Amino acid sequence: MTDGEWAAVRPLLPVPGWMRGRGGQPEAYCHRAILDAIRYLVDNGIKWRAMPADFPPWDRVYAFFRRWRDHGLAREFHDRLRGRVRESLGRDTEPTAGVVDSQSVKADAVVGADSRGFDGGKLINGRKRHVVVDTLGLLLGVMVTSADVGDRTAAQVLLAQVADAHHRLELVWADGGYTGSLVEHCLAVLALVLAIVKRSDHTRGFVVLPKRWIVERLFAHLMRSRRLARDFERRTTSAEAMVYWSMIQLMTRRLARSRPSRG
């Protein structure tokens, strides 16, 4: 991170337990160095044991990643960044509309059969990332499943989680794969309007569809991170954490650019 990026994100970091009187020992390494190491791993797709010597030891970096993953701190940090980015763009902290979609990716050999499946539509053997984003393309929620899990089945669970975390959310756009009983379920149970954006039967070639391009842009960003170009994680929770860390890197840069210079 640049000094500007670190100045932007430092106040948003979760406070360690030992600083709040909850016991434990102080961190042995600076959080800035740890964050840089995780960002380097996500961006370059290296193995944990291949961490360059410029960073803290790989096992300490992985222990930090694992602790933040298991306690939801990566998501907490991500959500704080998202709120600041939305404020810097003149938006309310909490969104009122979003877009839902999924992306199938090939899985590495380390991915077990219990979380791997075959997507017959995309002809991909691996996992599927189900995401909900706001109208700025910022992540509201992610769930990783085997690739054979249907979009409607996963969206029913994911939208419930997102609606519970974002009480102002009222409208969610989706493609034709989310039609059916899910529309009525969202309205009756979650108080969400699920609007289906369909492609016209008379349209030929590539056409940018309203609202759906927003989530596609997020998928394009994820595929630029080498760690996310293929699913290398043994656990789906680790795969979800990697998505959050990729978005943390993106929002850190946005937030640093939006901060006024001191000169």
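To keep things clear, this report deals only with the structure shown in the data block. For clarity, every value in this text was computed on a predicted model and none was experimentally measured.

Details of the pattern of salt bridges
Counted under the stated rule, the structure contains eleven salt bridges. A salt bridge links Arg 127 to Asp 231; the shortest N-O distance between them is 3.0 Å. Taken together, the residues Arg 127 in strand E3 (residues 124-134) and Asp 231 in the loop between helix H7 (212-224) and helix H8 (236-258) connect sequence positions 104 residues apart. When its relative accessible area of 1% is taken as the criterion, Arg 127 is described as buried.

A closer look at the nonpolar core
Side chains of a nonpolar character, in soluble globular proteins, are inclined to be buried together. In this structure, Leu 139 and Trp 245 are the most contacted members of the largest nonpolar core, which totals 49 residues. In terms of residue count, the dominant contributor to this core is H8 (nine residues). With residues near it in sequence (within four places) discarded, Trp 245 still touches Leu 35, Ile 38, Val 42, Phe 64, Phe 65, Trp 68 and Ala 74. Among the nonpolar cores identified, the runner-up in size contains 19 residues, and Ala 163, Ala 174, Tyr 178 and Leu 182 belong to it.

Conventions and cut-offs
- Residues numbered from 1 in each chain as written.
- Predicted model: local features only at pLDDT ≥ 70, side-chain atom pairs only at ≥ 80, totals over all residues.
- Heavy atoms only, no water.
- Salt bridge = Lys/Arg side-chain N within 4 Å of Asp/Glu carboxyl O.
- Helix = DSSP H or I, 4+ residues; strand = E, 2+ residues; numbered from the N terminus.
- Buried < 20%, exposed > 50% of the residue type's maximum accessible area, 1.4 Å probe, protein only.
- Core = buried A, V, L, I, M, F, W, Y, C linked by side-chain atoms within 4.5 Å.
- Contact = heavy atoms within 4.5 Å.

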